Amino acid sequence: AQSVAQPEDQVNVAEGNPLTVKCTYSVSGNPYLFWYVQYPNRGLQFLLKYITGDNLVKGSYGFEAEFNKSQTSFHLKKPSALVSDSALYFCAVRVPGGGADGLTFGKGTHLIIQP
Amino acid sequence: EPEVTQTPSHQVTQMGQEVILRCVPISNHLYFYWYRQILGQKVEFLVSFYNNEISEKSEIFDDQFSVERPDGSNFTLKIRSTKLEDSAMYFCASSRQAYEQYFGPGTRLTVT
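No experiment lies behind these values; they were computed from the predicted model shown. (Residues numbered from 1 in each chain as written. Chains lettered and ligands numbered in written order. Predicted model: local features only at pLDDT ≥ 70, side-chain atom pairs only at ≥ 80, totals over all residues. Heavy atoms only, no water.)

Undergrad: Mind laying out the sheet that holds strand S7 (residues 65-68) of chain B, listing which residues take part and the relevant values?
TA: Residue and element names in this part refer to chain B. Across the sheet, four strands lie side by side as S1-S3-S8-S7; this open sheet has antiparallel pairing. In this open sheet, the two edge strands, each paired with only one partner strand, are strand S1 (5-7) and S7. The mean inter-strand angle of the sheet, taken between neighbouring strand axes irrespective of direction, is 20°. (Pairing = 2+ DSSP bridges. Helix = DSSP H or I, 4+ residues; strand = E, 2+ residues; numbered from the N terminus. Axes fitted to C-alpha atoms, helices over the stretch in contact; angles between N-to-C directions.)

What follows is the structure, given as structure tokens:
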């Protein structure tokens, strides 16, 4: 069975500082990895994905993530945080298979950017 | 930019009643999904649908649940006899390929 761990319930960062939101995964096989963001009373918005290729992937709003196979991690990063980045962030994984497989999500990390 | 839409935004129902949650996926997408998020918990996969049939379902998706694509645009989730523990936010998602999924804003289901 596949699983995702987001070890931090909350991450606090000062505006303008770099941010990292951690994610580790456990799957059998090569994973597809995703980050989503959820603003209050909104659905999940896709940020970025890793499917194959370059370990550093870039996504929306200046976010990027680095796939590290040896550490089974896919941490979300941004060089300079904005107050508007404050939201709930979810890491998700699926293993390529039949094509319509569901995502397995982590429990989410609240990112709070302080002015 | 095309979006997944869901109706209603909030549904209140009594225990034992049937509810139908509706979704309009993005028009050229081929894969459709339902997820739920109980308040304060993680998002959980319920079911995926492709080529007019269920592709995968989780343990949560028991006989009380069903999905349907009644026409070329709608995708519905039916809960036949709602329980208190079905109270959650239900998200529909769609994808064109089996990669990133695009989520709707959700339907908050409250079972009383």
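Undergrad: Run through unusual backbone geometry, naming residues and quoting values.
TA: Backbone phi values are negative for most residues with the exception of glycine, while trans is the configuration of most peptide bonds. In this structure, the amide linkage connecting Thr7(B) to the following residue, Pro8(B), adopts the cis form with an omega of -10°. For Pro8(B), the location among the structural elements is in the loop between S1 and strand S2 (10-13). Unlike most non-glycine residues, Tyr61(A) shows phi in positive territory, near 60°. Along the chain, Tyr61(A) turns up in the loop between strand S7 (56-58) and strand S8 (64-68).

Undergrad: Talk me through the pairing of strand S4 (residues 31-37) of chain B; I want residue IDs and the actual numbers.
TA: Residues and elements named next belong to chain B. By the criterion of burial, S4 is predominantly enclosed, with seven of the seven residues buried. Burial along S4 is two-sided: the face carrying Tyr31, Tyr33, Tyr35 and Gln37 and the face carrying Phe32, Trp34 and Arg36 are both buried. As paired elements, S4 and strand S5 (residues 43-50) share seven bridges and run antiparallel to each other. Across the sheet, Trp34 pairs through a bridge with Val47, a residue of S5. (Buried < 20%, exposed > 50% of the residue type's maximum accessible area, 1.4 Å probe, protein only.)

Undergrad: How would you explain the environment of Cys92(B) if you had to name every residue and give the values?
TA: Residue and element names in this part refer to chain B. Looking at the secondary structure, you find Cys92 in strand S9 (residues 88-95). With a relative accessible area of 0%, Cys92 lands in the buried category. C-alpha of Cys92 to C-alpha of Pro25: the two residues are 67 residues apart in sequence and 7.8 Å apart in space. Not counting the four nearest positions on each side in its chain, Cys92 is found in contact with Val4, Gln6, Cys23, Tyr33, Trp34, Phe75, Tyr102, Phe103 and Gly104. (Contact = heavy atoms within 4.5 Å.)

Undergrad: Explain the state of the cysteines to me, and be specific about the residues and the numbers.
TA: Within the structure shown, the criterion is met by two disulfides over all chains. Across the disulfide from Cys23(A) sits Cys91(A); the S-S distance is 2.0 Å. Classification of the bridge connecting Cys23(A) and Cys91(A) rests on its S-S torsion, roughly -65°, and on that basis the disulfide is left-handed. Taken as a pair, Cys23(A) in the loop between strand S3 (19-21) and strand S4 (24-26) and Cys91(A) in strand S10 (residues 87-94) lie far apart in primary sequence, 68 residues in all. Like Cys91(A), Cys23(A) is buried. Linked covalently through their sulfurs, Cys23(B) and Cys92(B) form a disulfide whose S-S length is 1.9 Å. (Disulfide = S-S within 2.5 Å.)

Undergrad: Lay out the interface of chain A and chain B in plain terms, naming residues and giving numbers.
TA: Listed by partner, the interface residues are 20 residues for chain A and 20 residues for chain B. Of the roughly 1,700 Å² buried where chain A meets chain B, counting both sides, 58% is carbon and sulfur surface. Along the contact surface separating chain A from chain B lie one salt bridge. Among the ionic pairs, Glu100(B) bridges to Lys49(A), the shortest N-O distance being 3.2 Å. Applying the counting rule to chain A against chain B returns five residue pairs in polar contact (both at pLDDT 80 or more). Looking at which element gives the most residues to the side of chain A that touches chain B, the answer is strand S5 (residues 32-38) of chain A, with four residues. Tallied by class, residues from the side of chain A that touches chain B come to ten nonpolar, five polar and five charged. (Buried area = accessible area lost by both parts, 1.4 Å probe. Salt bridge = Lys/Arg side-chain N within 4 Å of Asp/Glu carboxyl O. Polar contact = N/O pair within 3.5 Å; in protein donor to acceptor, adjacent residues only side chain to side chain. Nonpolar A, V, L, I, M, F, W, Y, C, P; charged D, E, K, R; others polar.)

Undergrad: A description of the packing of aromatic side chains should follow, citing residues and the corresponding values.
TA: Using the criterion set out here, one finds 20 aromatic pairs over all chains in the structure. Considering the side-chain rings of Tyr36(A) and Phe46(A), the 5.9 Å spacing of their centres and the 70° angle between planes classify their relative orientation as edge-to-face. With Tyr36(A) in strand S5 and Phe46(A) in strand S6 (residues 44-50), this residue pair connects regions lying ten residues apart in the sequence. Comparing Tyr36(A) with Phe46(A) shows no difference in burial state: the two are buried. Cluster of aromatic residues (ring-pair linked, three or more members): Tyr36(A), Phe46(A), Phe90(A), Phe105(A), Tyr33(B), Tyr35(B), Phe45(B), Phe91(B), Tyr102(B) and Phe103(B). (Phe/Tyr/Trp six-rings, centres within 6.5 Å; stacked < 30°, edge-to-face > 60°.)

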